[in-house]
Amino acid sequence: MSQASKHVEWCIHKAKKEIEECKKLGKRAKHRGLLQGEPNLEEAKNHLAKAEHNLQGITTFRDVGFSDWSMSAGFYCLYHCFLAIATKFGYESSNQTCTIALMRFLKETNKIQLDEKFIELLEYEEMEEVKENSVIDLREDYTYGVQISVKDEAKINDLKKTCKELVDTTKEIIYK
């Protein structure tokens, strides 16, 4: 059993356990894991539309003088692509690391063709393997830092190109 497969199992168990706890406490059912259910193409399309909206946001934020928010728009564009893929295969995710594990699992089991670079872009790196300008780092630096603009236009252009690539790949996955 692969690491990704084990992680997906753990995420499914986590979600079920948290939902049961909510029921016992009389609270609204919510979880921070993965639920497995029926594939939902309509919901996958909705996530894809949100990804495309965020893709457009990268440029819009830059054009109106809020390029720091372009980084968050790029991150969420990529993440909603992953959520679209997850939903197409019948999963609901409420956890970033569980979503990434699911993408690895779907790739390992040949259910999707996805370039490893997209998965790596959204993974938290280990301290000893710090990736220069990962999408997570860019989002965190510009969201939690004090910079109000991205001075390096190439960062925005590279992010936009990467996002467009994943949106196109996601369309191929969810429409086949």
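Residues numbered from 1 in each chain as written. Predicted model: local features only at pLDDT ≥ 70, side-chain atom pairs only at ≥ 80, totals over all residues. Heavy atoms only, no water.

Some remarks on the packing of aromatic side chains
(1) Moving on: Per the counting criterion, the structure on display carries 2 aromatic pairs.
(2) Moving on: Summarising the aromatic geometry, the rings of Phe75 and Tyr76 are spaced 4.8 Å apart at their centres and angled 90° between planes, so their arrangement reads as edge-to-face.
(3) Moving on: On the numbers, 6.2 Å between centres and 5° between planes, the contact of Phe75 with Tyr79 is stacked. Placement of the pair is Phe75 and Tyr79 together in helix H3 (residues 68-88), with a separation of 4 residues, close to one helical turn.
(4) Moving on: Under the relative-accessibility criterion, Phe75 is labelled buried at 2%.
(5) Moving on: Tyr79 gets classed as buried once you look at its relative accessible area, which sits at 11%.
(6) Moving on: Taken together, the aromatic side chains of Phe75, Tyr76 and Tyr79 make up a single cluster linked through ring pairs.
(7) Moving on: Over the ring of Phe89 we find Lys88; its NZ or CZ atom is 5.1 Å from the centre of that ring. (Phe/Tyr/Trp six-rings, centres within 6.5 Å; stacked < 30°, edge-to-face > 60°. Helix = DSSP H or I, 4+ residues; strand = E, 2+ residues; numbered from the N terminus. Buried < 20%, exposed > 50% of the residue type's maximum accessible area, 1.4 Å probe, protein only. Lys NZ or Arg CZ within 6 Å of the ring centre and 35° of its normal.)

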